[in-house]
Structure formats: structure tokens, C-alpha cells
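A look at the structure
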Amino acid sequence: MIATTRRLLILICSLGLIVSPVAANVNLPDFGEPADQTLSPAEEAEIGARIEAQLHAAGLILEDQELTEYITSVGAKLAAHGGSSPNGFKFFVIRDDSINAFALPGGYIGIHTGLLKASTSESELAGVVAHEEAHVTQRHIARQLQGSTGWTLATAALVVAAALAGATDPDLIQAALGVGLASIQQRQINHTRAHELEADRLGIRTLADAGYDPKGMATFFERLHQQTRLYGNQLPEILLTHPVSATRVSEALNRADDYEPVNRSSSDQYKYMRARARILASAPPTLEREFFQRSLDHDESDDEARYGLAVIDILSGDGSGALEHLQAIDDTDQVNVQLAMAQAEHTAGQNEAALARYAALLRRHPNYQPIALAYADTLVRTGESDEARRVLLDSIAYRRHEPDAYRLLALAARDSGREPEAHYQMAAFFKYRGNYRAAINQLHTGLQRPNLSDSERARLESRMLEYRRTAPEELRRTGSTG
């Protein structure tokens with residue numbers, strides 16, 4: 001049975017699905033009634049969310065608020081200038097050194113740490129993101145599947161979702177994710193030349209409209225194409241999934257020439273996040289210390305190297321060393337530098353200074369999600385759980401249903417002796433991660449606690465009914481929701 005299911009997964013994964021229109025205001029081509037009626041945007045979003053949940057469960061998604069927020073901000077800016085809703089996509093970072101990016105149903109887009117590391121400018125990174133967004137908004141895979149004999153868009157997508165969400169055998173789950181994360185990364189997708197050129201054209205236009213260098217996409221692909229002779233049979237993933245030829249690069253450069261040239265320097269945040277991706281994708285992170293030290297020895301003004309060394313020191317428990325590197329950075333008021341300073345102060349045992357810095361940062365940047373989460377985490381660690389709860393409930397992270405906000409609320413409740421509240425918030429963490437089983441188990445455990453008040457019991461029971469009602473259909477059908 002498992003062998004048969006593995007073969008089925010391989011077949012399904014080879015279809016590599018990117019199927020979602022992500023905004024009502026996108027002027028999509030007329031694909032015909034059958035494709036539009038077989039899979040709704042809500043169903044696409046559910047499928048993408050389930051696959052993302054499996055990626056989280058397998059530890060393939062890099063859990064870093066600053067990196068995720070940065071990629072999200074780049075994607076949202078591009079979407080706003082590309083005719084899509086800035087909130088129509090959800091971005092996450094994959095801990096993988098391969099140079100690649102991919103899209104899932106429902107507008108979920110993953111960026112590999114290897115892509116960030118390989119890029120040399122913010123416009124190059126934005127070029128790849130714009131290209132992926134164009135594949136999604138133009139429903140390229142949906143259009144290909146419409147012509148596939150025996151497969152409808154709904155059948156292919158729903159079987160993938162069921163396979164990933166329903167597999168309980170650990171080896172089978174690993175096989176499903178392994179086949180590739182290949183499928184999810186579109187390893188076996190052969191976009192037609194027309195679709196690739198369309199994604200190039202729309203992506204370049206979006207780059208220009210968003211203020212990035214319109215040549216960013218073309219120069220990145222050109223550089224990778226020129227380096228192919230160095231790879232032999234081990235081509236970068238992105239060249240396997242998005243084949244590049246000299247003609248295609250030339251056409252992309254010619255299209256970019258239709259727009260006014262942009263002399264745009266990469267932001268400091270791009271450089272710091274590139275350093276962060278390099279460090280957090282390494283095991284252990286200290287392996288990158290020599291890289292950043294060589295960079296700093298070569299150029300004493302290299303703030304990216306200083307930031308990288310500081311992050312490594314923080315992760316190594318050397319807060320004082322991190323502060324020395326950070327205080328030497330030219331713009332110490334930059335938000336990521338300030339966050340690193342607060343983390344370094346906490347690591348060095350300077351908790352009062354760290355909390356004061358977090359509070360000041362939150363007042364200056366109330367809409368920058370990583371601040372409230374880092375602040376609350378430090379408050380919990382220093383025994384100020386009630387203040388952590390206040391910060392979280394007022395935060396944009398809580399309003400956006402960011403899972404980490406619920407996780408920290410659960411920790412704060414636990415530490416202050418409010419166990420029913422801890423179960424309630426931890427259930428929300430699992431729910432917003434797409435793990436309904438674990439969410440309902442948390443609520444069930446909470447309901448078994450002795451001495452529950454009537455209001456606590458009613459709250460837990462109400463949430464239990466809600467989650468059982470909204471759980472994926474196959475979980476309700478099999479009774480797997482507890």
C-alpha cells in the first residue's frame with residue numbers, strides 16, 4: 001500500500017501545481033468555465049495552507065520573523081504595482097541552499113535561503129519574486145492542466161492536498177515532502193516558452209513600476225546561465241524549473257530597455273537579511289563566522305559583515321561581542337540593527353536596557369511585526385508575563401493572526417498560572433499553523449483540567465465546536481478531530 005501511494009505521490013508531484021489567482025482586480029485571460037468552476041479561490045487557499053503546514057511540520061520552513069517580514073514586504077510592494085492585492089500572497093522562507101523559489105495554490109510563495117545568498121542586489125531578488133507572482137496571477141499551471149488528458153485542476157490539486165494532509169506514516173510523509181519538495185518547488189514543471197516569456201514580461205513591468213531596476217530579473221538569470229559550465233550536471237534548481245537560454249536573457253534585457261533605467265542601490269535591510277539567511281540556514285550558524293570576518297578584513301566599512309558577526313555572537317551567547325559589532329555600524333538607528341542590539345543586551349544580561357530599547361522601538365515602528373514578538377519573548381523570559389500579554393494583545397502580529405503571537409500568549413498564561421488560557425492560546429497557535437488535530441487536542445486537554453470555572457469551560461467548548469466545524473472536510477469525515 002505504501003509503495004503504491006509513493007508512486008501516486010510521485011505522479012501527482014510531477015504535476016507541480018501553481019493554480020491561484022490571488023486578487024479579484026487582476027485582469028486574467030479567459031480560461032474557460034470548466035477550470036474556473038472546478039476549484040474555487042477558497043479551495044486553493046485551503047490546499048496551499050495545508051501544504052505549508054506540512055512544510056512547517058517537517059522543519060523545512062525557516063522560522064525567523066525578520067526574514068519572513070522582509071520577503072513579505074518585497075512581495076507586497078510588487079503585488080501592489082502588478083495589479084494584485086498586497087495581501088493576496090503569503091511568503092515564507094525555506095531553509096535550503098539551493099537557488100530556487102516556488103509557488104503553491106492560494107498564492108503561497110516560498111523563497112529559498114540559497115536564492116537570497118546568491119542574489120547580488122535587491123532588484124535581483126525582487127525580479128525572481130515578481131516572476132513567481134506573475135506565474136500565479138496568470139494561472140500558468142492551471143492553463144497547462146486544462147489540456148491534460150484525464151486530469152482536471154480540481155482532481156490534481158485535491159489529491160495532493162489529501163496526500164500531504166492525510167498521511168500518518170512518518171516515512172510516507174517524508175516521501176511526500178521529498179518527492180520534492182520537488183513538486184512544490186516545481187522541479188518537474190516545464191513551463192511553456194510562452195508562459196515563461198509572459199512571466200518575464202509581466203515581472204519586468206512590475207519591477208519597473210515598483211521602482212526596482214527593471215533589469216534585475218534578467219541580470220540574475222544571465223549570471224546563473226553564464227555559470228552553468230561550472231555546475232556540470234548539478235544545475236541550480238531555478239534553472240531546472242525555469243529554463244534559461246541566451247535568447248531568453250537577451251529578450252528580457254531588451255524588454256527592460258523599454259523602461260527608464262533605474263539606478264537603485266540595495267537597501268540596508270536587504271543586505272542584513274541576506275546575511276541573516278546565510279547564518280540561519282547554516283548548521284551550526286558559527287560556520288559562517290570566517291566568511292563575514294574575511295569580508296570585514298577586506299572592507300572595514302562592510303556593515304553587512306558587522307551585522308552578520310553580531311548575529312553569530314548573539315546565537316553563540318556573546319552579547320557583549322555582538323554589541324561591539326553593532327555599535328560600529330554606520331546607521332545604528334536602522335530597525336534590524338536596533339532589534340539586534342536589544343537581543344544582544346538581553347544576551348549580555350542587560351535586561352532593563354533591552355526592554356527599554358524594545359519599548360522605544362515599538363513606539364517608533366508599531367506596524368513592524370517582529371518587534372512586538374521579540375519584545376514579548378524577552379518579557380516572558382524575564383518573568384514579566386502580564387506585560388508580555390498586554391504587548392501581544394495590542395500588536396499587529398495578534399491582529400494578523402500570526403501563530404507566534406498565540407504561542408507567546410500561551411507561554412505567558414502558563415507562567416502566570418492561567419492553564420486554561422494557555423491551552424486556549426496554544427490551540428490557536430496550532431490552528432493558524434493548519435494543524436487542526438493538535439489544536440483540538442489542546443482544547444480537549446484543557447477541558448480535562450480540574451476546577452475549571454463555568455466561563456473557562458464555556459470558552460474552551462465554544463472554541464472546540466468552532467474548530468471541529470471549520471476543520472478540513474476529510475478530518476471531520478474520519479473523526480480525526482478528536
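Residues numbered from 1 in each chain as written. Predicted model: local features only at pLDDT ≥ 70, side-chain atom pairs only at ≥ 80, totals over all residues. Heavy atoms only, no water.

1. A word on the packing of aromatic side chains
Per the stated rule, a full pass over the model turns up ten aromatic pairs. Look at Phe92 and Phe102: their rings are 5.9 Å apart centre to centre, the planes differ by 65°, and that puts the pair in the edge-to-face class. Placement of the pair is Phe92 in strand E1 (residues 90–94) and Phe102 in strand E2 (residues 101–104), with a sequence separation of ten residues. As far as burial versus exposure is concerned, Phe92 and Phe102 are alike and both buried. (Phe/Tyr/Trp six-rings, centres within 6.5 Å; stacked < 30°, edge-to-face > 60°. Helix = DSSP H or I, 4+ residues; strand = E, 2+ residues; numbered from the N terminus. Buried < 20%, exposed > 50% of the residue type's maximum accessible area, 1.4 Å probe, protein only.)

2. Here we look at the nonpolar core
Within the largest apolar cluster, 59 residues are counted, with the highest numbers of intra-cluster contacts made by Leu78, Leu125, Tyr307 and Leu326. Not counting residues up to four positions away in its chain, the partners in contact with Leu125 are Tyr70, Ile71, Ile111, Leu115, Leu116, Ser119 and Tyr270. Formed by 41 residues, the second largest nonpolar core is a distinct cluster that contains Ala412, Ala439, Leu460 and Ala471. (Core = buried A, V, L, I, M, F, W, Y, C linked by side-chain atoms within 4.5 Å. Contact = heavy atoms within 4.5 Å.)

3. Regarding a negative patch on the surface
Residues Asp268, Asp330, Asp331 and Asp333 make up a contiguous surface patch of negative charge. Structurally, Asp331 is set in the loop between helix H19 (319–327) and helix H20 (335–347). The partly exposed category is assigned to Asp331, whose relative accessible area is 32%. (Patch = residues over 30% accessible without salt bridge, like charges linked within 9 Å, V, L, I, M, F, W, Y side chains within 5 Å. Areas by Shrake-Rupley, 256 points an atom, 1.4 Å probe, with all protein chains shown as cover. Salt bridge = Lys/Arg side-chain N within 4 Å of Asp/Glu carboxyl O. Lys, Arg positive; Asp, Glu negative; His and termini not counted. Charge placed at Lys NZ, Arg CZ, Asp CG, Glu CD.)

4. A closer look at the sheet that holds E2
Ordered by their spatial adjacency, three strands build an open sheet running E1-E3-E2, and the pairing between neighbours is mixed. Every interior strand has two partners, whereas the edge strands, E1 and E2, have only one. Adjacent strand axes in the sheet meet at a mean angle of 20° when their direction is disregarded. Where E1 and strand E3 (residues 108–112) come together, five bridges link them in parallel fashion. (Pairing = 2+ DSSP bridges. Axes fitted to C-alpha atoms, helices over the stretch in contact; angles between N-to-C directions.)

5. Quick notes on helix H23 (residues 385–393)
In an α-helix, one turn spans 3.6 residues; hence positions three or four apart end up facing the same way. Among the residues making up H23, those that are buried are Ser385, Ala388, Val391 and Leu392. Buried residues of H23, viewed axially, fall in a sector of 120°; they line one side. Summarising the contacts, the buried residues of H23 are in contact with helix H21 (351–364), helix H22 (369–381), helix H24 (396–399) and helix H25 (403–415). (Arc of directions from axis to C-beta.)

6. Points about the pattern of salt bridges
Tallying each qualifying case throughout the model produces 24 salt bridges. Put simply, Asp97 and Lys117 hold a salt bridge, and the shortest N to O gap is 2.9 Å. Of this pair, Asp97 sits in the loop between E1 and E2 while Lys117 sits in helix H5 (residues 113–118), and the two are 20 residues apart along the sequence. Here Asp97 falls in the exposed class, since its relative accessible area comes to 51%. For Glu345, the salt bridge is made with Arg357, and the minimal N-O distance between the two is 2.7 Å. Pair noted here: Glu345 is in helix H20 and Arg357 is in helix H21, with a separation of twelve residues, a long-range link. Because the salt bridges share partners, they merge into one network encompassing Asp64, Glu66 and Arg276.

7. Notes on the packing of helix H11 (residues 193–209) against helix H15 (residues 246–256)
Running from amino to carboxyl end, H11 crosses H15 at an angle of 30°, the nearest separation of the two axes being 10 Å. Classified by the angle their axes make, H11 and H15 are roughly parallel. Viewed along their axes, H11 and H15 form a crossing whose handedness is right-handed. Contacts from Arg193, Glu196, Leu197, Asp200, Arg201 and Ile204 of H11 reach H15 at Thr247, Arg248, Glu251, Ala252, Arg255 and Ala256. For the contact of H11 with H15, the residue count by class is four nonpolar, one polar and seven charged. (Parallel < 35°, antiparallel > 145°, perpendicular 65-115°, else oblique. Left-handed = near helix turned anticlockwise from the far one by under 90°. Nonpolar A, V, L, I, M, F, W, Y, C, P; charged D, E, K, R; others polar.)

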